[in-house]
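Structural description and commentary
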Amino acid sequence: MLEQKISLSSIPFCRPFVVGKELEYIRQTIENMHLSGDGSFTKKCHALLEQTLGVQKALLTTSCTDALEMAALLLDIQPGDEVIVPSFTFVSTINSFVLRGAHPIFIDIRPDTLNLDETQLEKLITPRTKAIIPVHYAGVGCEMEAILKIAQRHGVAVIEDNAHGLFAKYDGKYLGTFGCLAVQSFHDTKNFICGEGGALLINDPQYIERAEIIREKGTNRSRFFRGLVDKYTWVDVGSSYLSSDMLAAFLYAQLEAREQIQSKRRQVWEYYYKHLQDWAQEHGIRLPIVPAHCEQAYHMFYLLMPSLEERQALISHLKAEGISSAFHYLPLHISQMGRGFGGKERDCMVTEDISDRLLRLPFYNDLTEIDQERVVASIKEFHSFSSVNLDYIPKAHVVR
Ligand SMILES: *Cc1c(COP(=O)(O)O)cnc(C)c1O
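Predicted, not measured: the structure shown is a model, and the values here were computed from it.

1. Observations regarding helix α1 (residues 22-32)
- Where α1 is concerned, the buried positions are E22, Y25 and T29. Each buried residue of α1 sits inside an arc of 70° when the element is viewed along its axis, so together they form one side.
- One or two residues past the end of α1 sits M33, with phi positive at roughly 55°.

Structure (structure tokens):
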């Protein structure tokens, strides 16, 4: 068993969770003498993802960022191509495309789910638009039906950034199965982890062969191992995007325990919701909204505070109680890079507003009810909305 340190005095914001079989599986990779990529555990992870989700092909990668880079290469993104992306997301969602010379077109989010606002999509499409990247924020599905309809009408590819939403559903269908490509993250901060890791999910079979080549340094090594060619050679551009089988072994233990993990996360989410509902209503604070046609992934729990000042004051109040909470993405369109692409204030008003007011509560698989009780009690103690200390606005920014 891996040790999990328990601190009684402080409640962290996030903590990696170990299901128990990870070390045993890693030991097996050592016994197999196969530590590099595409060993037996990588294959098991691929099969599990393909069969459970119903995707044509799953390929483990070294990170979600790398899976996004693969997507940009697969779509042949060229300098000047436009990619539509929510301003309210992690940098990698767009950076991987900017690396290939793409011009980001930032779209605002819906005030309810905080997902890309599909009603603003069509007017942002130009003849140069190559891709739309919906991000399923907090593991709640974007309005995929509308997004796909618009994308199809204009011949634009859809790539789902599903870093938060593995095993969540939209209209009864798994997230990650809607776009021609989708990406997953297995970073420590996500629901299923292996330290650093990701996956590219392929729904359009035309991308499968080239994806395997790009992932294997631009060689046809995968075809060679399947006996389809008698030697392997340089056939395309590519890089090294496959992860060690030791990490796949760790991840396989987690994916096998997906029901256990998701049910623990569901309990955490529901506890917060149940115990904060009345308080939130009384104080004009909004809790997450999950539409009826979405089965969420229980990735996070957030509060939307009435103002930036109150959000910052609550963060410091909780901190004084030994509880770590966190805000989230800073709008990309007015980041240093975003401004370089012409982004300016008021371009994405909902994003700018939400980014100031959103507060994420401690959330991890083995967060105990006793600790959650403490978090909820501390939040309810916080009644000093009028005496907000404006000096306390931390400069450090949490972007994950
Ligand atoms: C975590 C995250 C990523 C990046 O994942 P890595 O595996 O760390 O590269 C990308 N997009 C979103 C929405 C994320 O939350």
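2. Side note on unusual backbone geometry
- Backbone geometry places M33, a non-glycine residue, at a positive phi of 55°.
- The exposed category is assigned to M33, whose relative accessible area is 71%.
- Positioned with a positive phi, D76 is a non-glycine residue whose angle comes to about 55°.
- With respect to the helices and strands, D76 occurs in the loop between α3 (64-74) and β2 (82-86).
- You can call D76 partly exposed: its relative accessible area is 42%.

3. Thoughts on the nonpolar core
- V83, F97, L181, L200 and I202 are the most contacted members of the largest nonpolar core, which totals 35 residues.
- Those elements that provide at least two residues to this core are α3, β2, α4 (92-98), β5 (157-161), β8 (181-185), β9 (198-202) and α6 (208-215).
- Top contributing element to this core by residue count: α3, with eight residues.
- In this view, L181 contacts A71, L74, V158, I159, E160, L200, L201, I202 and Y207; residues no more than four positions away in its chain are not counted.
- By size, the runner-up hydrophobic cluster in this structure holds 30 residues, among which are F17, F41, L49 and A249.

4. Re the site of the ligand
- In the region of the ligand, 16 residues are neighbours, and T65, D161, H164, S185 and K190 sit closest.
- Interatomic distance of 3.3 Å between a side-chain N/O atom of K190 and an oxygen atom of the ligand.
- Y329 is positioned such that a nitrogen or oxygen atom in its side chain is 3.4 Å from an oxygen atom of the ligand.
- Burial of the ligand by the protein amounts to 97% of the accessible area it has alone, namely 380 Å².
- The residue inventory of the shell around the ligand, partitioned by class, reads five nonpolar, eight polar and three charged.

5. Thoughts on the UniProt feature "modified residue: N6-(pyridoxal phosphate)lysine" (unreviewed entry) in the protein
- Sites flagged by UniProt as "modified residue: N6-(pyridoxal phosphate)lysine" (unreviewed entry) map to K190.
- In this fold, K190 is placed in the loop between β8 and β9.
- On the basis of relative accessibility, which here comes to 12%, the residue K190 falls in the buried class.

6. Focus on the domain arrangement of the protein
- Domain assignment breaks the protein into domain 1 (22-256) and domain 2 (258-397).
- Summarising the inter-unit geometry, the C-alpha centres of domain 1 and domain 2 are found 27 Å apart.
- Contact residues are listed per partner, giving 43 residues for domain 1 and 34 residues for domain 2.
- On the domain 1 side of the contact with domain 2, S87, F88 and N191 bury the most area, a combined 18% of that side's loss.
- There are 20 residue pairs in polar contact (both at pLDDT 80 or more) connecting domain 1 and domain 2.

Procedures and definitions
Residues numbered from 1 in each chain as written. Predicted model: local features only at pLDDT ≥ 70, side-chain atom pairs only at ≥ 80, totals over all residues. Heavy atoms only, no water. Buried < 20%, exposed > 50% of the residue type's maximum accessible area, 1.4 Å probe, protein only. Helix = DSSP H or I, 4+ residues; strand = E, 2+ residues; numbered from the N terminus. Arc of directions from axis to C-beta. Core = buried A, V, L, I, M, F, W, Y, C linked by side-chain atoms within 4.5 Å. Contact = heavy atoms within 4.5 Å. Near = heavy atom within 4 Å. Polar contact = N/O pair within 3.5 Å; in protein donor to acceptor, adjacent residues only side chain to side chain. Areas by Shrake-Rupley, 256 points an atom, 1.4 Å probe, with all protein chains shown as cover. Nonpolar A, V, L, I, M, F, W, Y, C, P; charged D, E, K, R; others polar. UniProt positions renumbered as here; feature names shortened; annotations may be inferred. Domains from an automatic or database assignment. Buried area = accessible area lost by both parts, 1.4 Å probe.

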